[in-house]
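Coordinate inspection notes
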There are 2 protein chains.
Amino acid sequence: MNLSKRITSMQASPIRKLVPYAQEAISKGIKVYHLNIGQPDIKTPETFFKAVKNFKKDVLEYSFSQGMPELIDAISKYYKNYNMDFKQDEILITNGGSEALLFSMIAIADPYDEILAPEPFYTNYNGFATAVNVNIKPITTKAEKGFHLPSKNEIENVITPKTKAILLSNPGNPTGVVYSKEEIEMIASIAKEYNLFIIADEVYREFVYDGLEYTSFGNIKEVEDRVIIVDSVSKRYSACGARIGSIASKNKEFIAQVLKLCQGRLCVPTLEQIGAIELYKTPESYFKEVNLEYKKRRDILYNALNNMNGVLCKKPKGAFYVVAKLPVENAEDFVIWMLKDFNLNGETIMMAPAEGFYSTKGLGKDEVRLAYILNEKDLSKSMEILKAGLEKYPKKLTKTTI
Amino acid sequence: MNLSKRITSMQASPIRKLVPYAQEAISKGIKVYHLNIGQPDIKTPETFFKAVKNFKKDVLEYSFSQGMPELIDAISKYYKNYNMDFKQDEILITNGGSEALLFSMIAIADPYDEILAPEPFYTNYNGFATAVNVNIKPITTKAEKGFHLPSKNEIENVITPKTKAILLSNPGNPTGVVYSKEEIEMIASIAKEYNLFIIADEVYREFVYDGLEYTSFGNIKEVEDRVIIVDSVSKRYSACGARIGSIASKNKEFIAQVLKLCQGRLCVPTLEQIGAIELYKTPESYFKEVNLEYKKRRDILYNALNNMNGVLCKKPKGAFYVVAKLPVENAEDFVIWMLKDFNLNGETIMMAPAEGFYSTKGLGKDEVRLAYILNEKDLSKSMEILKAGLEKYPKKLTKTTI
C-alpha cells in the first residue's frame, strides 16, 4: 500500500517548512517579523465584503463551471484597460491562480513532457508539475543580472522535442524582475519558432515601479493563439483568501478543453465570485495608491540591503519580492539561526531560503527571498535586525561569495 | 502546438452536454423541469450566511493550507456522531469533494495505475482520473439487482498488479444504492487481501431511507489505515456553491503527502470555511426533516416509474438519484426528443442519459438518471410528462428490452 511516486517525490513548500522554528521563537516571547510570505497587509476593497454580505438567496447553489457571466464580463473589461481583447468565451474562472496553472499544465502536457521556466521560480510551479508528471526545465537567471533572461541561444539550448510550453511570471515571483519588451518579444519569437505555448503568470501586473513600461504577453499579436494568461485577485486586490483566479486565452480549443476540467470540479465558490465582480470595478486610483505604498517599501528594503556588507541585490522593479545574496554559505542555516539563536531587543525576522525556488541543484544556497509586505516602520526595523544578525552570525563569510 | 492526449481524451460531462437542447426549449417558451442535475432546492441553513456576513476583518487573508482549525474540529466532532474518531491531524479541508477525489487519486496512483469503481459511477471519477492518467476499471452492477455489488470473485477478477484502490460512492450516485454491511465488509476484506486503499465517497451519508442501517468504511476497524473518506457540505447542507469538502484518513503518511498538494494551492476560501464551521453545528433535526422530504419525493418518483409500461427501476434506498431502464433503444435520443419534439401543455422534462455513467462500452444505453430534487408537485408533474412522452415516443420499443 505505497503512495504514488509522484506525490512522494513532490517538494514540500520551502516557504512553509521553517514555520516550526518561528513558532518556537514566538513561544519564547520573541516578536517575529514575517518577510517569508506574500500575504499583503493592504486592505481588501470594501466593495468585496459589501457584495458578499448583500447575498439574498436562500440556497447557495452551484455556479456555472466556466464562472459567473458577470465576473467573466468584469474581467474582460479589465483587460481592455491593458489593450487586451478577451471575449466572454475566452475566459474561465478558477480556484485561484493555482488552479489556473494546474489546469493549464494538464491541458498542454502529457506525462514526461517538459515546460521551460526561468529559475528561480514560484516554487509551486514545480509542485503542480510533479503532481501531474510534467518536468519543469529551468532557464537559469542570475542575481548579478537582476534575474533578467539569458540570450535566445541559451534558452533554445534547453528546448527538446518534449518541450510544450514556456512558463513565466512577470513581474517575477520570487525575483521582482520585470521583463523588458525585448525579452517578451524574444520569448514570443522562440514560442513561434518551436511551436510552444506561453503560460504567462501575470498576477502582479499592477506592481511595477519607477514608471517602467510593462509588456503583457497579451499584447503580442503574433502569438495570441499560443498565449495563456494566468491571473488572480489575490495580490491585485489584496484578497488572497478569496481564491479567485482566471485563465484567458484566444486559443478557443484550449479553452474548450480546459472547460472539461472546470466541469469536473463543478464550479468555483459562488459568494467569492460575487465579491470578485466588485473587485474588478475598483477604480484606477486604488492601484496608484497601493503602488506608491509598495514602492516606498521596496526602496526601504533595497536601500537597507545595499548598506549591508557583502549583500548583493539589484533593484527589483516589480511584484513585492526580492532575492538577495547574503554573505553566508548556507542561507537556510542562517534563516534558522535568526529564528533560534538571535534576536535584537526581543525581535527577529523570518525569511524564505531561496534554494527551494531553483530547480538546478546547488543554486540559490546563499540567497533568501524577502517579501516587502509590512508597513514602513516594521520593514525598517526588520532591516536593522537583519543587519545586526549578519554582523553577529558566527558562520558569516568574511569575503563575500560574489 | 497540440493539446495533451489526456485532456483531449477526457469525457465531456454527460450531465451538462444536452444543456443547449434545454435552452432551445426554454427559448420557445416551454417550461423545463430539471431532473438531470443534483442541485437541491432545500434551504441552506441560515447560520452559514450569518457567519459569513459577520466577518469583520479588513484583509481577506490566506487561510491555513490544511484548513481552518475550527472547521477541522467541527468535522472531527461531526464524525464522532457516527462512531468515527478522526483527530485534527487526520482531516484536510478541500475545494469540494471534487478536490478531495483528485488529490486522493494523485497521492495513490502513478500514471497507468488502476482504481476500481462499481459502474455506473459518478461521471467525474472518470474525468479526474483521465486528467491525471489513472485508469478506472469498472465493477459492473445492474439495474435488475438494484445496483448492488457482484460477488467477491467477480470483483477479484478485475484486480491486476496495477490496482491501487477501490473507489465507491455510498449512498450511490447515480444509482441510489446503499451497500449492506456485508458488502462493505466484503470490500474491506478484498482491500486487505490485495493491499489496496479504499476511497469512500460518502457525501450522501445522511440520505438513507426506510430506516435502513448505514455502514461507513470509517466504521471498519481492520482497514482504518487504508480508508480515505471523501466528504462535502454540498448535499448534506444544501450548500453546493460553498465548495467545501474534506478528506479524512487515519493513514498519517497519506495525509502528510496530500498536505503538500494542499500547500501547493495555498488554501481553500476563507469565508466559505467560516460559514461551513456553522453548518457542521446544524442540529440533528435538520437532517430528519430533509430526509423525510426526500423520502416523499423518492416515493413519488419510484411509484410513478413503476406505473409506466416497460420501465424498470428497483427502489433506491439512498442519495437522491435513481437510474431507470426505459423501453427505448437509445435513452439519449429519447432525452433529446423530450426536449426538442415533445411537451405536455407547454411543459417538458430534462433527464441525464445514463450511458455516460458507465465505463464499459454499450452499457446503460437504455437508462436515464433522474434526480429527485424538485418539490412534490413539480415531481408529480414531471412524472406525468415522462409517462406521456414515453407513450407518444415514436421509437418506443413495444416489448421491453429487459
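Being a predicted model, the structure only gives us computed values, none of them experimental. (Residues numbered from 1 in each chain as written. Chains lettered and ligands numbered in written order. Predicted model: local features only at pLDDT ≥ 70, side-chain atom pairs only at ≥ 80, totals over all residues. Heavy atoms only, no water.)

Some thoughts on the sheet that holds strand E9 (residues 321–325) of chain B
Residues and elements named next belong to chain B. What counts here: Note: two strands are recorded as paired if DSSP finds a minimum of 2 bridges between them. Secondary structure counts use DSSP, requiring at least four H or I residues in a row for a helix and at least two E residues in a row for a strand, with both numbered from the N terminus.
A sheet is described by the order of its strands in space; here three strands give the open sequence E9-E12-E11, paired in antiparallel fashion. Among the strands making up the open sheet, the edge pair consists of E9 and strand E11 (352–353). Sheet topology places E9 next to strand E12 (residues 367–371); five bridges connect them, and they run antiparallel. Paired with Tyr321 across the bridge in E12 is Ala371.

Concerning the packing of aromatic side chains
For clarity, the threshold we go by: Any pair of Phe, Tyr and Trp rings, taking the six-membered ring for Trp, is counted once the centres come within 6.5 Å. Such a pair is stacked with planes under 30 degrees apart, edge-to-face with planes over 60 apart, and tilted for the rest. The rule is simple: take the accessible area with a 1.4 Å probe, protein chains only, and divide by the maximum for that residue type; under 20% is buried, over 50% is exposed, in between is partly exposed.
Evaluated as defined, the whole model comprises 49 aromatic pairs over all chains. With 6.0 Å between their ring centres and 45° between their planes, Phe197 of chain A and Phe254 of chain A make a pair best called tilted. Taken together, the residues Phe197 of chain A in strand E6 (residues 197–201) and Phe254 of chain A in helix H9 (residues 252–264) connect sequence positions 57 residues apart. For Phe254 of chain A, a relative accessible area of 0% gives the class buried. Consider the rings of Phe320 of chain B and Tyr321 of chain B, whose centres lie 5.1 Å apart with planes at 55°: the pair is tilted. Among the aromatic side chains, those forming a connected cluster through ring pairs are Tyr78, Tyr79, Tyr82, Phe86, Tyr237, Tyr280, Tyr286 and Phe287 of chain A.

Examining the domain arrangement of chain A
It is common to give the size of an interface as the accessible area lost on bringing the parts into contact. All names here are of chain A. Spelled out, the test is: Here the bounds of each domain stem from an automatic or database domain assignment. Accessible area that two parts lose when put together, evaluated with a 1.4 Å probe and summed over both, is termed the buried area. Between Lys or Arg on one side and Asp or Glu on the other, a salt bridge is scored when a side-chain nitrogen of the former is within 4 Å of a carboxyl oxygen of the latter. In protein, a polar contact requires one atom able to donate a hydrogen and another able to accept it; more generally it is a pair of N or O atoms within 3.5 Å, and residues adjacent in sequence count only if both atoms are side-chain atoms.
For chain A, the domain assignment lists domain 1 (5–43 + 285–392) and domain 2 (46–279). It is Phe287, Lys317 and Phe357 that lose the most area in domain 1 upon contact with domain 2, and together they represent 20% of the buried surface on that side. Taken together, the links from domain 1 to domain 2 amount to two salt bridges. Across the pair Asp210 and Arg298 runs a salt bridge, and its minimum N-O distance is 2.7 Å. Inspection of the region where domain 1 meets domain 2 yields 18 residue pairs in polar contact (both at pLDDT 80 or more). Elements represented by at least two residues in the side of domain 1 that touches domain 2 include exactly helix H11 (284–306), strand E9 (321–325) and strand E12 (367–371). Top element by residues in the side of domain 1 that touches domain 2 is H11. It accounts for seven residues.

Concerning the interface of chain B and chain A
Heads up, the condition is: Pairs of residues are marked as contacts when any of their non-hydrogen atoms sit within 4.5 Å. Polar here means any residue other than Ala, Val, Leu, Ile, Met, Phe, Trp, Tyr, Cys and Pro, which are nonpolar, and Asp, Glu, Lys and Arg, which are charged; Gly is therefore polar.
Between chain B and chain A, the contact holds 79 residues from the first and 79 residues from the second. Sorting the residues of chain B by area buried against chain A places Met1, Leu60 and Tyr62 of chain B first, and these three jointly supply 12% of that buried surface. Here Lys43 of chain A and Asp58 of chain B are joined by a salt bridge, their closest N and O atoms 3.9 Å apart. Where chain B meets chain A, there are 44 residue pairs in polar contact (both at pLDDT 80 or more). Contributing elements (two or more residues each) for the side of chain B that touches chain A: helix H1 (5–8), helix H3 (46–53), helix H5 (96–108), helix H6 (123–131), helix H9 (252–264) and helix H10 (270–279) of chain B. Top element by residues in the side of chain B that touches chain A is H9 of chain B. It accounts for seven residues. Residue composition of the side of chain B that touches chain A, by class: 39 nonpolar, 22 polar and 18 charged.

Looking at the side chain of Asn95 of chain A
Relative to the helices and strands, Asn95 of chain A is located in strand E2 (residues 91–95). Once residues lying within four places of it in the same chain are set aside, the contact partners of Asn95 of chain A are Arg243, Gly245, Arg265, Val268 and Pro269 of chain A together with Asn95 of chain B.

Remarks on the state of the cysteines
As a reminder of what qualifies: Cysteine sulfur atoms that pair up within 2.5 Å are treated as a disulfide.
Under the criterion given, the structure shown has zero disulfides over all chains. Looking at Cys240 of chain A, it has no disulfide partner, and the nearest cysteine sulfur is the one in Cys267 of chain B, 8.1 Å off.

A word on the relation of the copies chain B and chain A
This is how the line gets drawn: Superposing copies: least-squares fit, C-alpha atoms only, residues required to have pLDDT of at least 70 in both.
Note on the copies: chain B fits chain A at an RMSD of 0.0 Å, the axial shift is 0.0 Å, and the rotation between them is 180°. Here the copies are linked by what is in effect a two-fold axis. If distances are taken from each C-alpha of chain B to the rotation axis, the shortest is found for Lys53 of chain B, at 2.5 Å. In this assembly, 100% of the residues forming the interface of chain B have copies in chain A that are likewise at the interface, indicating an isologous arrangement.

Some words on the nonpolar core
Applied cut-off: The definition of a nonpolar core used throughout is a set of buried Ala, Val, Leu, Ile, Met, Phe, Trp, Tyr and Cys residues joined through side-chain atoms within 4.5 Å.
Core analysis: the biggest nonpolar cluster contains 233 residues, and Leu305 and Phe334 of chain A together with Leu305 and Phe334 of chain B have the highest contact counts within it. In contact with Leu305 of chain A, not counting residues within four places along its chain, are Val311, Cys313, Val322, Ala324, Leu370, Met383 and Leu386 of chain A. With 80 residues, the next largest nonpolar core counts Leu101, Ile106 and Phe128 of chain A together with Leu167 of chain B among its residues.

Describing H9 of chain A
Residue and element names in this part refer to chain A. This is how the line gets drawn: The span expected for a helix works out to 1.5 Å for each residue beyond the first.
Compared with an ideal rise of 1.5 Å per residue, which puts 13 residues at 18 Å, H9 spans 19 Å between its outermost C-alpha atoms and is within 8% of the ideal. Between the side-chain oxygen of the N-cap and the backbone nitrogen of Glu253 there are 3.2 Å, and the N-cap of H9 in question is Asn251. Downstream of H9 by one or two residues, Leu266 has phi in the positive range, about 70°.

So, the packing of helix H12 (residues 331–340) of chain A against helix H13 (residues 376–392) of chain A
Residue and element names in this part refer to chain A. Heads up, the rule is: Axis lines are fitted to C-alpha atoms, over the contacting stretch for helices. Their N-to-C directions set the angle, which ranges from 0 to 180 degrees. Any angle that is under 35 degrees is reported as roughly parallel, and any over 145 degrees as roughly antiparallel; angles of 65 to 115 degrees are reported as roughly perpendicular and all others as oblique.
As a packed pair, H12 and H13 sit with axes 11 Å apart at the nearest point and diverge in direction by 110°. As summarised for this structure, H12 and H13 are arranged roughly perpendicular, according to the angle between their axes. Of the residues in H13, those touching H12 at Phe334, Trp337 and Met338 are Ile385, Leu386, Gly389, Leu390 and Lys392. Across the contact of H12 with H13, the residue classes tally to six nonpolar, one polar and one charged.

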